[in-house]
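Each chain is listed here by its residues.
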Amino acid sequence: MSRSDVLVDADWVEAHLDDPGLVLVEVDEDVSAYDKGHIRGAIKIDWKTELQDPVRRDFVDKTGFEQLLSAKGIANDDLVILYGGNNNWFAAYAYWYFKLYGHEKVKLLDGGRKKWELDSRELVTEVPSRPATEYKAKDQDLAIRAFRDEVVDAIGSKNLIDVRSPDEFSGKLLAPAHLPQEQAQRAGHVPTARNIPWSKAANDDGTFKSDEELRRLYTEAGVDLSKPTIAYCRIGERSSHTWFALHELLGLSDVKNYDGSWTEYGSLVGVPIELGEAK
Amino acid sequence: MTTQGCAAPAQTAHLPATVDLSNEAVIQGKVTRDGAPVSSAYARLLDSTGEFTAEVVTGDEGVFRFFAADGDWTVRVLAAGGVSVDTTVTAKTGEVAAVEVAI
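Quantities reported herein were computed from a predicted structural model and do not represent experimental measurements.

Draft legend 1. Spotlight on the overall build of chain B. Scanning chain B for helices and strands turns up zero helices and eight strands. Listed N to C, the secondary structure of chain B is β-β-β-β-β-β-β-β in terms of helices and strands. Here the C-alpha atoms of chain B give a radius of gyration of 13 Å, agreeing with the 13 Å that 2.2 N^0.38 yields for 103 residues. Its C-alpha atoms give chain B principal-axis dimensions of about 35 × 30 × 25 Å.

So, in structure tokens, the structure goes:
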């Protein structure tokens with residue numbers, strides 16, 4: 001797999017905006033950014049209201065995903081280009097999610113909305129309409145999704161990568177610093193996890209670092225790239241970004257995203273937690 | 001809680017009513033160009049080692065806000081045209097550390 005199979009840059013998107021069979025999708029938790037302006041032709045997916053089950057803590061199920069993509073006018077053989085705010089966190093999450101349900105042709109716009117804005121490229125408010133499709137999803141590919149018991153079993157055996165900021169990892173902060181800090185769960189990290197913040201995989205403008213830089217980053221932090229790896233963060237979207245770097249860009253075969261992440265692990269009764277620096 | 005993600009809330013000049021300032025070390029600032037507020041600039045919070053901690057996009061009033069911890073921080077503001085401006089700030093629980101960034 002090469003980088004161009006999974007990632008496109010802003011110039012490419014500008015040149016291919018009108019290609020048939022290409023669907024540009026902005027994914028955000030707060031979709032007011034889309035409403036104020038988006039890349040021409042892009043539709044939106046609301047991470048919170050459309051990708052999450054409204055009652056249980058889980059994703060929409062296979063039928064729900066089929067209904068969502070059908071209503072959005074996305075066909076099984078469309079090339080889907082995802083982008084979003086927050087350095088593409090939610091777009092990377094959606095990318096992982098599209099892969100989880102077996103969508104073949106999906107790529108990320110490198111740098112997402114931020115790079116596009118910093119380049120002063122065109123944003124429009126016109127919302128496109130797409131005819132509905134009859135989308136068919138596959139069963140979830142659990143080779144890329146980790147659950148809590150697997151994370152506990154991975155302590156001391158698999159690579160555990162905690163991609164939160166150093167202060168969240170050590171237990172000083174419970175949430176990213178743009179959010180209020182009142183949270184129910186305990187602070188800290190999974191024992192034996194390495195702290196490699198997602199941001200180290202990205203440049204200031206939100207684009208991914210080169211394969212060579214990424215390989216050096218993880219290797220120097222003590223990750224054995226030949227071993228299975230589980231990435232986690234607070235709720236699983238920053239770790240989707242790291243999952244993308246490891247699985248899609250570096251092509252490692254056994255990398256899972258633990259979407260339960262710290263909000264689940266830090267609330268479990270009886271599991272081991274480590275505080276402070278990585279040991 | 002279960003569907004509360006990690007996206008930043010709207011960046012407004014007034015602290016949201018739900019926030020209990022006595023438990024928070026707030027860093028808040030305003031980005032201006034020739035005195036006028038700049039919306040859609042990117043404010044990044046870096047810790048004392050220069051490590052990225054958080055990022056928000058300024059709102060209509062040019063405002064950004066972080067919930068940090070006690071200590072020294074750097075705010076890096078990015079804007080179109082290759083602008084990148086660093087400002088250092090010290091945060092303390094129970095206080096709002098104010099920052100003005102002219103680009």
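Draft legend 2. Quick look at the sheet that holds strand β6 (residues 145–146) of chain A. Residues and elements named next belong to chain A. Reading across the sheet, the five strands line up as β6-β10-β9-β7-β8 and stay open at both edges, with parallel pairing between neighbours. Each edge of the open sheet is held by one strand with a lone partner, namely β6 and β8 (194–195). Sheet topology places strand β7 (residues 159–162) next to strand β9 (residues 229–232); four bridges connect them, and they run parallel. Paired with aspartate 162 across the strands is tyrosine 232, a residue of β9. Its contacts with the sheet place helix α10 (residues 238–249) against β7, β9 and β10 (255–258), and it is angled at close to 175 degrees to β10.

Draft legend 3. Focus on the packing of helix α5 (residues 89–100) of chain A against α10 of chain A. All names here are of chain A. In contact at an axis separation of 7 Å, α5 and α10 are set at 65 degrees when each is read in the N-to-C sense. Crossing of α5 over α10 shows left-handed handedness. Contacts between α5 and α10 involve Trp89, Ala92, Tyr93, Tyr95 and Trp96 from the former and Arg238, Ser240, His241, Trp243 and Phe244 from the latter. Across the contact of α5 with α10, the residue classes tally to seven nonpolar, two polar and one charged.

Draft legend 4. Main features of the interface of chain A and chain B. Listed by partner, the interface residues are 34 residues for chain A and 26 residues for chain B. Secondary-structure elements contributing two or more residues to the side of chain A that touches chain B are α3 (47–50), α6 (112–118) and α8 (166–170) of chain A. Sorting elements by how many residues they give to the side of chain A that touches chain B places α6 of chain A first, with three residues.

Draft legend 5. Examining the nonpolar core more closely. With 98 residues, the main nonpolar core has Val25, Leu82, Ala91, Ala94, Tyr95 and Leu108 of chain A together with Ala68 of chain B as its most contacted residues. Ranked by the residues each element gives to this core, the list is headed by α5 of chain A, at eleven residues. Of the residues that make up this core, three or more belong to each of domain 1 (3–140) and domain 2 (143–265) of chain A. In this view, alanine 68 of chain B contacts Ala177 of chain A together with Ala25, Ile27, Leu45, Trp73 and Ala91 of chain B; residues no more than four positions away in its chain are not counted.

Draft legend 6. Layout of α5 of chain A. All names here are of chain A. In a regular helix each residue adds 1.5 Å, so twelve residues correspond to 16 Å; α5 covers 16 Å between its end C-alpha atoms and thus fits that length. Across the twelve residues that make up α5, a large majority, twelve, are buried. Among the residues making up α5, those that are buried are Trp89, Phe90, Ala91, Ala92, Tyr93, Ala94, Tyr95, Trp96, Tyr97, Phe98, Lys99 and Leu100. Of the residues flanking the end of α5, it is glycine 102, one or two places downstream, whose phi is positive at about 80 degrees.

Draft legend 7. Just the domain arrangement of chain A, in detail. Residue and element names in this part refer to chain A. When its domains are assigned, chain A resolves into domain 1 (3–140) and domain 2 (143–265). Here the C-alpha centroids of domain 1 and domain 2 sit 23 Å apart. Facing 21 residues of domain 1, the contacting portion of domain 2 comprises 18 residues. For the side of domain 1 that touches domain 2, the elements supplying multiple residues, two or more each, are α5 and α6. Here the side of domain 1 that touches domain 2 takes eight residues from α5, the largest share from any one element. Within the side of domain 1 that touches domain 2, the residues separate by chemical class into eleven nonpolar, five polar and five charged.

The rules behind the values
- Residues numbered from 1 in each chain as written.
- Chains lettered and ligands numbered in written order.
- Predicted model: local features only at pLDDT ≥ 70, side-chain atom pairs only at ≥ 80, totals over all residues.
- Helix = DSSP H or I, 4+ residues; strand = E, 2+ residues; numbered from the N terminus.
- Rg over C-alpha atoms; globule rule 2.2 N^0.38 Å.
- Pairing = 2+ DSSP bridges.
- Contact = placed C-beta atoms within 7 Å.
- Axes fitted to C-alpha atoms, helices over the stretch in contact; angles between N-to-C directions.
- Left-handed = near helix turned anticlockwise from the far one by under 90°.
- Nonpolar A, V, L, I, M, F, W, Y, C, P; charged D, E, K, R; others polar.
- Core = buried A, V, L, I, M, F, W, Y, C linked by C-beta atoms within 7 Å.
- Buried ≥ 20, exposed ≤ 12 C-beta atoms within 10 Å, placed from the backbone.
- Domains from an automatic or database assignment.
- Expected span 1.5 Å × (residues − 1).

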